[in-house]
Structures are given as C-alpha cells and as structure tokens.
Amino acid sequence: MLLTIAWLLCLLLCARFCGVAAERLGQTAPVGELLAGVLIGLVLLALAPLNGFATSLETAAYLEQITTLAIFFLVLQAGVELEPREVSAASTGAFAVALGGVLLPMALGVAIGWWLLPDSPLKTAQAVVIGVAISVTAIPATARVFEELGMLHSRLGVLVLSAAVIDDVFGLLLMAGVTTFVASGGMVDLTELAWLALKTAGFFVTTGLLGVHVYPHINERLREEKMVALDLSALVAVALAYAVLAEALGLHWIMGVFMAGLFFEPLRIGAQPYRDMQLILAAICSGVLGPMFFVSIGLAVDLRAVIEVPLLLLLVIAAAFLGKLLGAGLPARMFGFDRRHATAVGVGMSARGAVELIILGVVAEAGVFDATAGDGMVANLFSVLVIMAVVTTFATPILLRSLLRGDAR
C-alpha cells in the first residue's frame, strides 16, 4: 500500500508540474501531462535492473481502474461543455468543414492501415482506429490561439470551433462502432449492422427524450434543495444509468456518459447549477483525474516506435496534417474564405488532444491493439497514434499564430 500511494503521489505531481509548464509554453496541459508519462516511462526503462521498483508501476492494476474513472468524468465533462444547440445551430459551412475534416483523414488513415498492417481478424478495426484517431480535432489548443488573437468570436473562430465539436461527436460515434466490431470478433454481417443501427437510433431517441422532458423536472426538484452535491450525484447517477442502457444495447458505455452530459445544459437545469457543475467537473478532471489519465497514456507509449516503424509514423503524421488541410480547408475556401484563412481553418482543425486519447484508451482496453508475437507494426500502433497527437498538438498553435498574426486585435 505504501508503494502504491507513493506512485500515485509521484504521478500526480509530475503530471501537474509538466501540465503547468506546457501551459506556460503556450501548449495545453494534457500535452505536458502526457509527456510526463513518457519521461517517467523512460526512467522506468533505465531502472529496469531494479525489477521490483521498475515493474511495480507498469503492472499496477489500480492504474487501469483510475483510467476508467478518468474516462468517465472526462467524457461527462465533454458532454456538459457541449450544448446540443451549438451543434444544431452550426452553419452549413461548419458542417461542410467538419464533414470534410472527418471523411478525408478517415479515408487516408484506413488506407494506411490496409496497406501496412498485417492480415488478422482485427485488421479492419485497427485500420478504422487509425482513421478515427486522425479525424478528431482538439478544441482547447485551437480555442486558446483564437482567444489570444482576439478572434474567438470571429467568423473564422466560430467556424473552426463549431466544426471541431462536430468532429469530436463523429469520433465518439465511430469509436462505439469499432468497439462493437471488436466485441463481435470482427465478424458483423449486414443484418447485425442493421440491428446495431436500429439499437443506436433507439438509444439516442430514448436518451434525447429523457434529456428534454425528464432532466428539467429532476433538476427543478434538486434546485429546491439548494445543494450542489445533489446536482453532482444526480448527474453521475444519470450518466451511470445511460451507460448501463448503452451496454445493454450493445454500445459502449462511453456513449451513455456523453449523452448524460450533453443534455445537462443551462436552459434545462438553470444557469447557476450549470456553472456550478462546470466548476466541479473542471476541478475533478483538470486537478486530479485528467492528469492521472494522460500520464498513464504517456506511460504506455514506447518511443522505440520511431525507430521500429518510421514509415508508419511518418505516413500517419503526414495524413493527419494533409487530411485536415485539404478536407477542412477546401470546404472553407468554397464558403468564401481566402487562401490564407482557409489554410488557417485546416491548420486549426489539425490539433489532436483529449478526445483522441480517450478513444485510444477505450479501444486499447477493447483489445484492438492486441498483436501476435513478433508483429511490430501492430505492437507499435498505439505509440504511433499518441506520438502523432503530440506532434500535431505542438505544431498547430505555432502554425496558426504565424498564419493569423496580421489578424490579431
């Protein structure tokens, strides 16, 4: 128990220190926290001769439990931060940018997977995971640059952030499909796909109706009690109930948690309870569970992937940038943006972050990255995708500031 507590203390302090350092360098905290995990992993590798010390963290079951709890609250926070009206009110341009920013990177990722990955029952799922990881967009990194330049509420800023939100929703839906595919053993026929689509539609209809008609009544009663703790308990209880419903229908529980947060919005539950819950979830996620999650992801990264599968790594990074530049930039050009601002749209959509790492954590738990002995390509796939997330997240703010410096006000 002493060693467990000591490791938790070490992980939390290192993650928070690196997260704050990253923010001061103009990056997002998760990037620093992830790099903290990579550095700790390198230290463990150097201390490998001290087996009892070095392996005690890598084999710790409590890390997996903490990761699951962190994913729960991170996804719940993502749902709370996103209001349904933001997606439904997004302009045609934002939907076009989002769609292009998903489809082209997705196609490039799947093509890379089919070309380089070895044949196996999981090859389809692994190729799709590459596409999903490339197609999502990190909102915080881009939002910070637009806010810094005074362009957060400009036409360009609203377009990019709206499209990024839609991309993340697509990513979560695709992740649910991948995990279902893996759970079925990689064998899903058209009948099963149709049945899955029907159950998925039923899930969204049910949770949507509950969110619209039941949520407000529950929270109206809770507001009478004037206890924030009850609001949190109710939100977590609803998230757990939706997660149970999702699992019962053959979907991943993460979709239930996301939907629970999605309908926890100011117009339904009141402005003050909403702000209180934002603060509580931010404290839980940014203060403890988020850093623990990202540092654990960093621990799982093997930098030997840079040497062992350089072609896969370079192609994934190139597809990540090119897919967003063309997939999101060209629709922006069609909707009236000049070449420089259309390029800024593609660059702004290129950062990856929390949502991608959550998706990778979930599909890794589902066994998508399981590889046979000697299969270095699949064994390094998780590390390649995390390295891609770090590279794109680091590069995006730098490129975006360079493109938009003349527009700052």
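It should be emphasised that the depicted structure is a prediction, and the values quoted were computed from it without experimental measurement.

A.B. asks: I tried to follow the packing of helix H19 (residues 354-365) against helix H21 (residues 381-404) on my own but got confused; where do I start?
C.D. replies: For any two helices packed against each other, the geometry comes down to the angle between their axes and how far apart the axes lie. Look at H19 against H21: their axes get within 10 Å of each other, and the N-to-C directions meet at 170 degrees. When the interaxial angle is binned, H19 and H21 end up roughly antiparallel. Contact residues: Glu356, Leu357, Leu360 and Ala364 in H19; Phe382, Leu385, Val386, Met388 and Ala389 in H21. Tallied by class, the residues present in the contact of H19 with H21 amount to eight nonpolar, no polar and one charged.

A.B. asks: Help me understand a nonpolar patch on the surface in this model?
C.D. replies: Residues Leu39, Leu42, Leu45 and Leu303 make up a contiguous nonpolar surface patch of roughly 360 Å² in combined accessible area. As for its position among the elements, leucine 42 is in helix H2 (residues 29-46).

A.B. asks: Hey, could you run me through the packing of aromatic side chains in this one?
C.D. replies: Think of a pair of aromatic rings as described by two things: how far the centres are apart, and how the planes are tilted against each other in angle. This model, assessed by the stated rule, comprises five aromatic pairs. Between phenylalanine 72 and phenylalanine 73, the ring centres sit 5.3 Å apart and the planes meet at 75 degrees, which makes this aromatic pair edge-to-face. Judged by centre distance (5.4 Å) and plane angle (70 degrees), the ring pair of phenylalanine 203 and phenylalanine 204 falls under edge-to-face. What makes phenylalanine 203 buried here is its relative accessible area of 0%. By relative accessible area, which is 27% here, phenylalanine 204 ends up partly exposed. Members of the aromatic cluster, each reached through a chain of ring pairs, are Phe72, Phe73 and Trp253.

A.B. asks: Looking at this structure, I do not really get the confidence of the model for the protein. What am I missing?
C.D. replies: Counting all residues, the mean pLDDT for the protein is 79, and 82% of those residues have values of 70 or more. Per-element mean pLDDT across the protein ranges from 50 in helix H3 (residues 51-58) up to 93 in helix H17 (residues 310-334).

About the criteria used
Residues numbered from 1 in each chain as written. Predicted model: local features only at pLDDT ≥ 70, side-chain atom pairs only at ≥ 80, totals over all residues. Heavy atoms only, no water. Axes fitted to C-alpha atoms, helices over the stretch in contact; angles between N-to-C directions. Helix = DSSP H or I, 4+ residues; strand = E, 2+ residues; numbered from the N terminus. Parallel < 35°, antiparallel > 145°, perpendicular 65-115°, else oblique. Contact = heavy atoms within 4.5 Å. Nonpolar A, V, L, I, M, F, W, Y, C, P; charged D, E, K, R; others polar. Patch = residues over 30% accessible without salt bridge, like charges linked within 9 Å, V, L, I, M, F, W, Y side chains within 5 Å. Areas by Shrake-Rupley, 256 points an atom, 1.4 Å probe, with all protein chains shown as cover. Salt bridge = Lys/Arg side-chain N within 4 Å of Asp/Glu carboxyl O. Phe/Tyr/Trp six-rings, centres within 6.5 Å; stacked < 30°, edge-to-face > 60°. Buried < 20%, exposed > 50% of the residue type's maximum accessible area, 1.4 Å probe, protein only. pLDDT = per-residue confidence, 0-100.

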